[in-house]
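# Survey of secondary and tertiary structure
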Amino acid sequence: MFKRILIANRGEIAMRILRCCHEMGIETVLACSKEDLDSLPAQFCTKCICIGPAPAAQSYLNENAILSAAKACRCDAIHPGYGFLSENAHFARMCEENNIVFIGPDSQTIRRMGDKQSARALMQKSGVPVVPGSGGILTDWHEAARIARKVGYPVLLKATAGGGGRGMRAAHNPSELRRAYEDAQAEAQSAFGSGALYLEKLIEHPRHIEVQILGDTRGNIIQLGERDCSMQRRNQKLMEEAPASLLSNFQRTAIRRAALKAARAAHYISAGTVEFVLDQKGKFYFIEMNTRIQVEHPVTEMVTGVDLVREQIRIAAGLPLSLKQSEVRICGHAIECRINAEDPARNFMPAPGEISFVHFPGGNGVRVESAIYPGAQISPYYDSMIAKIIVHAPGRLEAVRKMRAALGELTIEGVKTNISFLYLLMHNGDYLSGRFDTGFLGRQAKAIVRWGEESLKHRQKS
Amino acid sequence: MNEFTEKRERLLSYRRMRKLSSETVYVNSHLRMVLDAGSFCELFADLKTRDPLHFPGYQEKLAAERRKSGAWSGCCVGTGTIGGFPAAVGELSRNFMMGSMGSAEGEKLTRIFETAQEKKLPLILFSASGGARMQEGMFSLMQMAKTSMACRRFQESGGLYISVLCNPTTGGVSASYANLGDIILAEPGALIGFAGPRVIEQTIGEKLPEGFQRAEFQMEHGFVDQVVPMMRMRDTLVRILSLHQPRKPQPLPEEAGRQVPEEKAADAVSAYDRVMAARDVERPRIGDYIDAMFDEFTELSGDRLGAEDPAILGGIGRIGDIPVTVIGHHKGRTLEENVRSRFGMPGPQGFRKALRLMREAEKFHRPVITFVDTPGAYPGKDAEENGQSTAIAESLAQMSTLKTPVLTIVTGEGNSGGALAISAADEIWMLENAVYCVLSPEGFASILWKDSSKAAKASEVMHMTARELVQMGIADRLIPEPEGGIQADFKRGSGLLKTMILQKLQDLLRLQPEELLARRWQRWRHFEGCRAPEDHQE
């Protein structure tokens, strides 16, 4: 087992890794930016090293600085957490070259899974359903029309170099296709310098379902059930649940099997996630594989009782998985809410500042993952997520009720947060009955915020 | 105040809002409370306005109201049963745009009037409304006239229309069909009026008194028959409907019948003792007779012209199996009661109220029984200002054409026009100790002999006792009383009276209206009191 691990991350995930390491008797070295020297993990780590100024590019994304810190402190391994360098194949490769264990899959797997087209091709070859489409770069709009006819409308034209919605056009029928093709191409050309497009079937009102995977160095691969992460706003997940109550038993078995198939095809090692979209007819398609620990990993931990970070470290140390597939039991229902320092009333704009007061909920089945404390600074340089509240209860409705109680208790003063928004969401009829897809918050967020503002007009001084 | 205060208030406000928004409102909440479960059959449910003025924002407002209430308009009409009695019913509900009457609401109300007329059903309408719907401009104003006309057509066809005024009934609704009911009930405290109190205050620049325009205020001013709390509404409606059911003629049980006791021979009680007995504070009042003889009595009040007179008590009840209208002078026992009812001395509003009730009785072919017990019409300033004489004259004239049997019973003292005004009947009966005369003996003595202490002597010469009046043919029948007056054995006395009334009503009800009116005219025509010259020559 490792003697010392360098944590190349910040905030709640740094705390999560730190706590796990200390449980396992491993020393921790925190590589943090100058901005984070007062943060909670910096107080509790065995050793803290400043690796650069506040901007992430000069600190948390600074591969050389982190690697030299690890070497200087004689760390055996680096845990990258999520975000930052966690899915950076180059950094993983550097670690391998320097004989420091990168806690995660090897650099090759990261690279292969990081490229969407190659990941898609691999999955297709291994028999995992993928979103039907061109499978490669289109030569002209005639070809696009031909493929669109085959996969069925509506279709989506995407730039291979694209991202963030740019170079992307939907066509709902053949007459729109040429226009969409030309528009997307022009936009991609001007934005990314490459007009290469590919075509995909457009999944309307998709649900986002992902399956947690663990694979060890001895070739054992298990899945730990799925999570429903459809509650998203601009591709940012806000709330996750496990298991996905929407699925029938048949679908559940099928999607878990597909995830295992995908992980095996990638010869996956460490903790990872296979993401799927579920269309309205209940068909699911592989979209990508995440080669890191995820923000929402606690919901799976709650329903399975497996410590995913611990497993990750064990796997990285060359140990076998501590449980077999047959020992995996999904028990009850867990929900996670991400508490962000943002202002829902002002289009969820990040709201950095100083935490003047904080009170966390507690009690049976309530788990809090956070690195804030009274007096902590919420920095504008990094992500606005400041806490995660996870509840675990025998059923979904019980979990929702527990989450309501927890959010009702959670009090953070000093910065604007989305606590009230989440609290109201927990009372939303469509959410309660499971009628939501990835576009739900886009459509409903304003109404929920307005409902809250409306309520405050009924405020009475107590 | 601490760090949690803000949070706490926020959570409480969410809870309050959840409670508010979870409250589903109904446009038929009153109907649900009075109708027999499962009997309601809604009619014209999907009528909705076509927004004649294309009023900006109106469609959105309608959609929001529909979302809240699930209805297309603020009016819900249909048929159902109440206590087993079939009825056409409707409700204009404040839960939909404050119950304002737009074209859809007006149309539904008109159609339910027509339905009730067609199916010969009594109609009950609950109204709670702010008035005409502004968003539909003149189209909603026209609904006032349309519903009023439909209402009158229905009423003239003989239909019973009970209007229940809920909170609030104002503006174009109160000034149309809602205030045209044969019987008008109101919810306690309901705001009822044409112009809203705020408008009135702003216009006249005065603060309005507490309770102004409330249901109780309207009742005091004669526009509402009864103020009925919602919890008693169903019972009241059942009673009224039951009293308005067409009567199946039933033969009178014979043995109960024809046993009218023989009249006793003339006794030695002096006339003035009779006067004293008639004025005895222990003597039964109209309320006692009603309690003893009538079932399901429902009081109705108001002259619908601006006043209510507590000196006249009126209502509908059932004697045996015959629904009747009961009207009489209302004397109290204590000073307080008497001050309220002015010692049973009616003003013009009292006579107008009595007349209104008689007209109502005539419409539904109910006999009228009047109880006379009054020192006379109220001699007061406001009574004269309001036309006391005209009211009495009008009453006498109108009673002669009432196409339903009228029976008068003089139970105490009956003096002057105040007594006569409600006793122009087919028959006048008198209790043995009752007196009936042109003026009180005291007044008589002071006019004739300038000495009111000679009342005892006056009462002798006035021939005012029941026995004398029956002998003279002024009264038709004497009801004997035991020693100590009827109150000595009221149960027996009232039982006897009830039997006699039942017999008489059976007889009178057999007559055709024309014959009844002819006999009534002959009865009164007969009081000549003078001799023609040709009689002299005989």
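All figures in this text were calculated on a predicted structure; none of them were measured in a lab. (Residues numbered from 1 in each chain as written. Chains lettered and ligands numbered in written order. Predicted model: local features only at pLDDT ≥ 70, side-chain atom pairs only at ≥ 80, totals over all residues.)

## Focus on the overall build of chain A
- When you go through chain A residue by residue, the secondary structure sums to 15 helices and 22 strands.
- The 462 residues of chain A split such that 48% are buried.
- Pairs at least 24 apart in sequence give 63% of the contacts found in chain A among residues at least 6 apart. (Helix = DSSP H or I, 4+ residues; strand = E, 2+ residues; numbered from the N terminus. Buried ≥ 20, exposed ≤ 12 C-beta atoms within 10 Å, placed from the backbone. Contact = placed C-beta atoms within 7 Å.)

## Concerning the overall build of chain B
- The number of helices and strands found in chain B is 22 helices and 16 strands.
- Here chain B, with 538 residues, has 45% of them falling under the buried criterion.

## As for the nonpolar core
- With 126 residues, the main nonpolar core has B:L123, B:I162, B:L165, B:A186, B:M430 and B:Y436 as its most contacted residues.
- Here this core spans two domains, and each of domain 1 (21-243) and domain 2 (271-526) of chain B adds at least three residues to it.
- Not counting the four nearest positions on each side in its chain, B:Y436 is found in contact with B:V410, B:G414, B:A419, B:M430, B:M464, B:L469 and B:A475.
- Counting 118 residues, the second-largest nonpolar core is a separate cluster that includes A:C20, A:I103, A:V274 and A:I293. (Core = buried A, V, L, I, M, F, W, Y, C linked by C-beta atoms within 7 Å. Domains from an automatic or database assignment.)

## Brief notes about helix α1 (residues 11-24) of chain A
Residue and element names in this part refer to chain A.
- Helix length check: α1 (14 residues) gives 20 Å between terminal C-alpha atoms against 20 Å at 1.5 Å per residue, within 8%.
- The buried fraction of α1 is high, at ten of 14 residues.
- Every buried residue of α1 is listed here: G11, E12, I13, A14, M15, R16, I17, L18, C20 and C21.
- Just beyond α1, the residue with positive phi is G25, at close to 80°. (Expected span 1.5 Å × (residues − 1).)

## Section: the interface of chain A and chain B
- Taken together, the contact between chain A and chain B spans 13 residues of the former and 13 residues of the latter.
- Among the secondary structure elements, those contributing two or more residues to the side of chain A that touches chain B are β22 (411-413), α13 (419-425) and α15 (440-456) of chain A.
- No other element matches α15(A), which puts three residues into the side of chain A that touches chain B.

## Some words on the sheet that holds strand β2 (residues 27-33) of chain A
Residues and elements named next belong to chain A.
- Ordered by their spatial adjacency, five strands build an open sheet running β3-β2-β1-β4-β5, and the pairing between neighbours is parallel. On the outer flanks of this sheet lie β3 (47-52) and β5 (101-102), each paired with one strand and no other.
- The pairing of strand β1 (residues 4-7) with β2 spans four bridges and is parallel. From the neighbouring strand, I5 faces β2, where its bridge partner is T28. (Pairing = 2+ DSSP bridges.)

## Some remarks on the sheet that holds strand β9 (residues 207-215) of chain A
All names here are of chain A.
- Strand order in the open sheet formed by eight strands is β13-β12-β9-β10-β11-β14-β21-β19, with antiparallel pairing between adjacent strands. Where the open sheet ends on each side, the last strands, each with one partner, are β13 (284-290) and β19 (366-370). Averaged over all pairs of adjacent strands, the angle between their axes in this sheet comes to 25°, without regard to strand direction.
- Where β9 lies against strand β12 (residues 270-278), nine bridges are found, and the strand directions are antiparallel. Following the sheet pairing, I209 is matched in β12 by F276. (Axes fitted to C-alpha atoms, helices over the stretch in contact; angles between N-to-C directions.)

## Some words on the environment of A:E87
All names here are of chain A.
- Within the element layout of this structure, E87 appears in the loop between β4 (77-79) and α4 (89-97).
- E87 sits 22 residues away from T109 along the chain, and the two C-alpha atoms are 9.9 Å apart.
- Not counting the four nearest positions on each side in its chain, E87 is found in contact with I110, G114, T291 and R292.

## Topic: α4(A)
All names here are of chain A.
- Those residues of α4 that sit buried are A89, F91, A92 and C95. What you see down the axis of α4 is that its buried residues fit within an arc of 165°, all on one side. Away from its buried face, by an angle of more than 90 degrees, α4 presents the exposed residues H90 and E97.
- A positive phi of about 65° marks N99, the residue just after α4. (Arc of directions from axis to C-beta.)

## Considering the environment of B:L180
Residues and elements named next belong to chain B.
- Structurally, the position occupied by L180 is in the loop between α6 (171-174) and β6 (183-186).
- Taking C-alpha positions, L180 is 9.8 Å from R304, a pair spaced 124 residues apart along the chain.
- Sequence-distant contacts of L180, that is, excluding residues within four places in its chain, are made with S148, C151 and S163.

## As for the confidence of the model for chain B
All names here are of chain B.
- This prediction gives chain B a mean pLDDT of 89; 94% of its residues lie at or above 70.
- Per-residue pLDDT, averaged within each element of chain B, yields its smallest value for helix α22 (residues 533-537) (58) and its largest for β6 (96).
- A low-confidence stretch, residues 255-260 (pLDDT under 50), is modelled with four contacts involving residues beyond four sequence positions or located in other chains.
- Taken together, the chains of this predicted complex give a pTM of 0.59 and an interface ipTM of 0.82. (pLDDT = per-residue confidence, 0-100.)

## Here we look at the pairing of β9(A)
Residues and elements named next belong to chain A.
- By the criterion of burial, β9 is predominantly enclosed, with nine of the nine residues buried.
- Because side chains alternate across β9, one face comprises the buried residues R207, I209, V211, I213 and G215, and the other comprises H208, E210, Q212 and L214, equally buried.
- Where β9 and strand β10 (residues 221-233) come together, six bridges link them in antiparallel fashion. Across the sheet, residue I209 finds its bridge partner in β10, namely D228.
- Between β9 and β10, which pair antiparallel in sequence order, lie five residues; one of them, G219, sits at a positive phi of approximately 90°.

## Some details on the packing of α4(A) against helix α5 (residues 107-114) of chain A
Residues and elements named next belong to chain A.
- Closest axis-to-axis distance for the α4/α5 pair is 8 Å, and the angle between their directions is 170°. With respect to each other, α4 and α5 are oriented roughly antiparallel. Of α5, the residues touching α4 (which contributes A89, A92, R93 and E96) are S107, I110, R111 and G114.
- Within the contact of α4 with α5, the residues separate by chemical class into three nonpolar, two polar and three charged. (Parallel < 35°, antiparallel > 145°, perpendicular 65-115°, else oblique. Nonpolar A, V, L, I, M, F, W, Y, C, P; charged D, E, K, R; others polar.)

## Some thoughts on unusual backbone geometry
- Cis rather than trans, the peptide bond between A:A242 and A:P243 has omega equal to -10°.
- Looking at the element boundaries, A:P243 is found in the loop between β11 (236-242) and α9 (249-265).
- With an omega of -10°, the peptide bond running from B:N167 to B:P168 counts as cis.
- Of note, B:P168 is situated in strand β5 (residues 161-170).
- Residue A:S270 is not a glycine yet carries a positive backbone phi of 85°.
- Residue position: A:S270 is located in strand β12.

## What to know about the packing of helix α4 (residues 103-119) of chain B against helix α5 (residues 137-156) of chain B
Residues and elements named next belong to chain B.
- Running from N to C, α4 and α5 point in directions that differ by 10°, and their axes come no closer than 9 Å. Between α4 and α5, the interaxial angle falls into the category roughly parallel. Contacts between α4 and α5 involve S103, E105, G106, L109, T110, F113, E114, A116 and Q117 on the former and, on the latter, F139, S140, Q143, K146, T147, A150, C151, R153 and F154.
- Classifying every residue of the contact of α4 with α5 by side-chain character gives seven nonpolar, seven polar and four charged.

## Remarks on the environment of B:G314
Residue and element names in this part refer to chain B.
- As for its position among the elements, G314 is in strand β10 (residues 312-319).
- Spatially, the C-alpha atoms of G314 and I327 are 4.3 Å apart, while their sequence positions differ by 13 residues.
- Non-local contacts of G314, meaning those with residues more than four positions away in its chain, are made with L300, V326, I327, K353, A354 and L357.

## A closer look at the pairing of strand β21 (residues 385-393) of chain A
Residues and elements named next belong to chain A.
- Of all nine residues that make up β21, nine are buried, and the element is covered over most of its length.
- Here strand β14 (residues 333-340) runs beside β21; their pairing, made up of eight bridges, is antiparallel. Residue pairing across strands places I339 opposite A387, the latter belonging to β21.
- As judged from the five bridges shared by β19 and β21, these two strands associate in the antiparallel manner. Each residue of the ladder has a partner; that of V368, found in β21, is I389.

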